[in-house]
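The chain contents come next:
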Amino acid sequence: MSLGMFVFGIDYSKTSKLTSLEATSISRMTESPFVPRENLFEKQRHFQSIHKHIHLKGPMDKITSVAIPVALAATSIVLIARGIYNMSHGIGKKEE
């Protein structure tokens, strides 16, 4: 059985008529890949051979993984403390 006749777990060599969904899935398989296959295999070989952690290596990773969550946490703590202070002193109450 050739690989071209076996797509998405369906053996097309045994079927005489294809449904429109199956015909569409076959036509999608003829599209060329976005990245050349050799480059993809080279990158896979490189990243699969690394045994250390590869996260937080670049300078932008520290900004998105550390600085932004710390800033959000600090802002929320300040706003919660301000709200507790205002509630305990009666500041900002609506007068009816």
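The rules we used
Residues numbered from 1 in each chain as written. Predicted model: local features only at pLDDT ≥ 70, side-chain atom pairs only at ≥ 80, totals over all residues. Heavy atoms only, no water. Helix = DSSP H or I, 4+ residues; strand = E, 2+ residues; numbered from the N terminus. Buried < 20%, exposed > 50% of the residue type's maximum accessible area, 1.4 Å probe, protein only. Areas by Shrake-Rupley, 256 points an atom, 1.4 Å probe, with all protein chains shown as cover. pLDDT = per-residue confidence, 0-100. Patch = residues over 30% accessible without salt bridge, like charges linked within 9 Å, V, L, I, M, F, W, Y side chains within 5 Å. Salt bridge = Lys/Arg side-chain N within 4 Å of Asp/Glu carboxyl O. Expected span 1.5 Å × (residues − 1).

**Q** Sorry, what's going on with the overall build of the chain here?
**A** Across its full length, the chain carries three helices and two strands. Scanning the chain from its N terminus toward the C terminus, one meets helices and strands in the order β-β-α-α-α. In the chain, buried positions account for 5% of the 96 residues. Of the roughly 9100 Å² that the chain leaves accessible, carbon and sulfur atoms contribute 64%.

**Q** What exactly am I supposed to notice about the confidence of the model for the chain here?
**A** For residues with low pLDDT, the predicted coordinates do not support detailed interpretation. A residue-level look at the chain finds 59% of positions with pLDDT of 70 or above and a mean pLDDT of 75. Element-level pLDDT for the chain is lowest in strand β1 (residues 6–7), with a mean of 52, against a maximum mean of 92 in helix α3 (residues 59–89).

**Q** In this structure, what is going on with a nonpolar patch on the surface? I would like to understand it.
**A** Taken together, the side chains of Phe34, Val35, Leu40 and Phe41 present a nonpolar region at the surface, about 450 Å² in accessible area. Looking at the element boundaries, Phe34 is found in the loop between α1 (20–29) and α2 (37–49).

**Q** Sorry if this is basic, but what is going on with α3 here?
**A** At 3.6 residues per turn, the α-helix brings residues three or four places apart onto the same side. Taking 1.5 Å as the rise per residue, α3 with 31 residues should run 45 Å; its terminal C-alpha atoms sit 44 Å apart, in good agreement. At the C-terminal side of α3, Gly90 shows a positive phi close to 75°.

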